[in-house]
Amino acid sequence: MAGERVVLVTGVSRDLGARFARSLAEEDVDVVGIDVVPPRHDLGRSDFIRADIRNPVISKVIATRGVDTVVHLAVVAAPDSAGGRSAMKEINVIGTMQLLAACQKAETFRKLVVQSSISVYGASPRDPAKFTEDMSARAQPRTGFGKDSLEIESYVRGLARRRPDVVVTTLRLANLMGAGVDSHVTRYLSLPVVPRVMGFDARLQFLHPSDAVAALLLVTNRDFPSTFNVGATDIVTLTQALHKMGRPAVGVPQAAAPLAATLVRRAHLVDFSPDQIDALTYGRAMDTSRFAAETGFVPKFSSLAALEEFARAAQPGLLSPERVDTALDVVSQVLRTVVARNG
Amino acid sequence: MADAKIIQLGSGGPADRGSRTSPSASARRLAPPQGGRRAANSRQAPEADEPPITPEPDPTPGSEEAPATSPFGALVNELLKLASRSLRSLKSLPISQLEALVADPVHAFASVAQAMGVDWDESLEEIVAFIRSRLQGDYAVDAFGFDPEFTTRIYLPVLRRLADAWFRVEVRGAENLPVDGSALLVSNHAGTLPLDGMILQTVVYDEIGRHVRMLGADLIFKTPYSHDLARKTGTTLACQEDAERLLASNQLVAVFPEGFKGLGKPYADRYKLQRFGRGGFVAAAIRAQVPIIPIAIVGSEEIYPLIAKAPALARALGVPYFPITPLFPWFGPLGMIPLPSKWIIQVGEAITTDELGPGAADDPMIVFNITDQVRETIQQTLYALLMQRRNAFL
């Protein structure tokens, strides 16, 4: 049966899509990658078709290539990479709608894997420490990526209802972190001086791209019809992340956070939606035990290890470990003389 | 057949529903006659006719002051005595020490820190290594944001001084604290600010070397800095999911079911337990089949005697109450120094839940009964401790 499988991967011109298509193509599977822009990364043995999932032509691709599995990775987390919030919404929500409409008609279609996100859980001070798949957001995300992810998931549920013969797997991925990852979180942590909400130390959960690819491969190759949280099992705090990155932080009162986010956006540094500010204020984490129990998946990278890999590859910050060492040596020298003088 | 008997309803005046200032007709009928209509219409101060439940100790022997007529009188008396004592000890402070402070601030700071007993028990190298690891982010926090290193090396040593020197905490029944396995500690909650939780965490760690993971209200996690500190020191949101997750992972969990109702009750209501929530903590303990350990804390009520709550100001600030104490806000930050009351923490015997079976958590009657049992145990222990206590501050 291997070799007859045809997998359609959307969003292959982006980093995660390219990595996934490349790994999958090595496994004796026909991989058809589509995206609206030409691929920037090596796609290995997979084919590339330049097409827009918002265009009905997608159903022709599915029919002519006899696609049996669709892996939907064309979701955009940040408005600036899509060209504005409305374009982002159109890619995420309308794109998913069109793609699923095309899938529903296709007779060869047997399996759907959708990339969702930790942001469906929102972020609020009333959140439990870890979200399981059965919990819903205590504060429903009303804007931005969280809202898009919720709508994507609801369309996916609709398809699962109408096509009960199709295996539908939704993976709620934690924030990607690792060398070379470009997301709103990595851009934020790479700012020379990082504005942060005063008095809050968000808990951050990361997922290394290689673990994300491994999880996607796992659910593509075997059937797990469910929704799963995928992320590293540990968390790091924002303070810890900033120390690892060697970035000094400047406290912003919570009331002024949206204003600060606007300034950062105007400066073309990072684009935040309100739900992402909340996530970086209160923090959130997912319980990944269901995915581990059902699939036996063990992430290779902890959140801390993924962050360290990113920090090693990134520009060293103002408070790099070397500088901290030097400063501490000076301070301890001074203290030692004081102590010696006191006897 | 006799004629039907006519039952008069609301005969003591106009049949009305009453208002904020005047009781309703039926309420007037229920009340015992007290000096005719005037008494029925006048607002009654609840303290006036009902003696305070707190067994007030006899005035300290040898004191010339007139016996206090109200709880506040007694409190003020005790405070005055305390103030004069501390003034006397201030006078004995040698002036030469002050001069040394001006001459060499670094040295003075070091010796003051030493005198205050901020004792990290380490050499300079270790302290520097510690700071290095903190600044480079080389430490681990758990999923709740709990940072054991910060808690044991910075937070608890500071609180330990507060517990030992300031509140002179006396722990009774420490043998009831479990050295392994999970358990749910249930305690009374008082004192305007949740210092009782912090002190409880400190003494339990010192007794058995286990960290208490507390469950707190969402306001804690909404408020800047309090969010940060609470998560770092092991507190998490009081919700079913977190309680069960902690209890399932062999943790000692503490809960204060009175919540803000207990924390922000007026001084006149001290040591009267408030409603114990909806019994959610009992359901969690039954589901996890862990014992419930009642804890009574005496002394926390006197640290910030709450006179008024300034509801309008509290609403404007978005907090449950704005505390007005004899010292706050009149003395500014000085008013935030807790009064040095003498604390007694009594750990009660465990109430086991494992013989009930996990299904009992869905039986509201069982949950209510255990809730009541826990509440009564704590209340009776509080009364017993208050009887033994000589004075709130000595």
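The rules behind each value
Within each chain, residues carry numbers counting from 1 in the order of the written sequence. Whichever chain is written first is A, and whichever ligand is written first is 1; the rest continue in order. Given that this is a predicted model, residues contribute local features only at a pLDDT of at least 70 and side-chain atom pairs are listed and counted only at 80 or more, while totals for whole chains, interfaces and linings are drawn from all residues. We count a stretch as a helix when DSSP gives it H or I for four or more residues in a row; a strand needs E for two or more, and each element gets its number in order from the N terminus. Only C-alpha atoms enter the radius of gyration, while the globule expectation follows 2.2 Å times N to the 0.38, with N the number of residues. Between the buried cut of 20 or more and the exposed cut of 12 or fewer other C-beta atoms within 10 Å of a residue's own C-beta lies the partly exposed class, and all C-beta atoms are placed from the backbone. Residues are defined as contacting one another if the C-beta atoms placed from their backbone atoms lie within 7 Å. Two strands qualify as a pair provided that DSSP identifies no fewer than 2 bridges between them. Comment: axis = line fitted to C-alpha atoms, over the contacting stretch for helices; angle = value between 0 and 180 degrees taken between N-to-C directions. Axes are fitted to the seven residues ending at a residue and to the seven starting at it; the angle between these axes is taken as the bend at that residue. Linking buried Ala, Val, Leu, Ile, Met, Phe, Trp, Tyr and Cys residues through C-beta atoms within 7 Å yields a set, and such a set is a nonpolar core.

Visitor: Would you mind going over the overall build of chain A with me for this structure?
Guide: Across its full length, chain A carries 13 helices and 13 strands. Taking 343 residues into account, the globule formula puts the C-alpha radius of gyration at 20 Å, and chain A, at 22 Å, falls close to it. Each of the 343 residues in chain A was classed as buried or not, and the buried ones make up 49%. Across chain A, the fraction of contacts at a sequence separation of at least 24, relative to all contacts at a separation of at least 6, is 79%.

Visitor: Sorry if this is basic, but what is going on with the sheet that holds strand 1 (residues 170-172) of chain B here?
Guide: Where strands meet in a sheet, backbone hydrogen bonds hold them as pairs that are either parallel or antiparallel. All names here are of chain B. Reading across the sheet, the 7 strands line up as 1-7-6-2-5-3-4 and stay open at both edges, with mixed pairing between neighbours. Looking along the sheet, the strands with just one partner apiece sit at the ends: strand 1 and strand 4 (236-237). Here 2 bridges tie strand 3 (residues 212-216) to strand 4, and the two strands are oriented parallel to one another. Bridging from a neighbouring strand, Leu215 pairs with Thr236 of strand 4. Running at roughly 165° to strand 3, helix 9 (residues 195-208) makes contact with strand 1, strand 2 (183-187), strand 3, strand 5 (252-255), strand 6 (292-298) and strand 7 (344-347) of the sheet. Across the face of the sheet, helix 16 (residues 364-388) comes into contact with strand 2, strand 6 and strand 7 while running at roughly 30° to strand 6.

Visitor: Looking at this model, I keep getting lost on the sheet that holds strand 6 (residues 167-173) of chain A. Mind explaining?
Guide: Residues and elements named next belong to chain A. Ordered by their spatial adjacency, 7 strands build an open sheet running 3-2-1-4-5-6-11, and the pairing between neighbours is parallel. The sheet is open, and its two edges are formed by strand 3 (47-50) and strand 11 (227-230), each paired on a single side. Strand-to-strand twist across the sheet, computed as the mean angle between neighbouring axes with direction ignored, equals 20°. With 7 bridges connecting them, strand 5 (residues 111-117) and strand 6 associate as parallel partners. Looking at the pairing, Lys111 lines up with Val167 of strand 6.

Visitor: Sorry, what's going on with helix 8 (residues 148-166) of chain B here?
Guide: In an α-helix there are 3.6 residues to a turn, and that puts residues three or four apart on one side. Its axis deflected by about 40° at Leu156(B), helix 8 of chain B carries its strongest bend there, up to four residues before the proline Pro157(B). Taken from the residues just after helix 8 of chain B, Arg168(B) is the one with a positive phi, measuring 45°.

Visitor: Looking at this structure, I do not really get the nonpolar core. What am I missing?
Guide: Buried together is how nonpolar side chains tend to be arranged in soluble globular proteins. By size, the foremost hydrophobic cluster in this structure holds 162 residues, and its most contacted members are Cys103(A), Leu184(B), Leu185(B), Ile199(B) and Val253(B). Of the residues forming this core, the biggest block, 7 residues, is contributed by helix 14 (residues 280-288) of chain B. Ile199(B) has contacts with Leu159(B), Ala163(B), Phe167(B), Val169(B) and Trp343(B), leaving out every residue within four places of it along the chain.

Visitor: Any chance you could explain the pairing of strand 5 of chain B here in plain terms?
Guide: Where a strand is regular, its side chains alternate between the two sheet faces. Residues and elements named next belong to chain B. With burial as the criterion, each face of strand 5 is covered, one bearing Leu252 and Ala254 and the other bearing Val253 and Val255. As judged from the 4 bridges shared by strand 2 and strand 5, these two strands associate in the parallel manner. Of the residues in strand 5, the one forming a bridge with Val186 is Val255. Direction of pairing for strand 3 relative to strand 5: parallel, over a ladder of 3 bridges. Considered in strand 5, the bridge of Met214 is made with Ala254.

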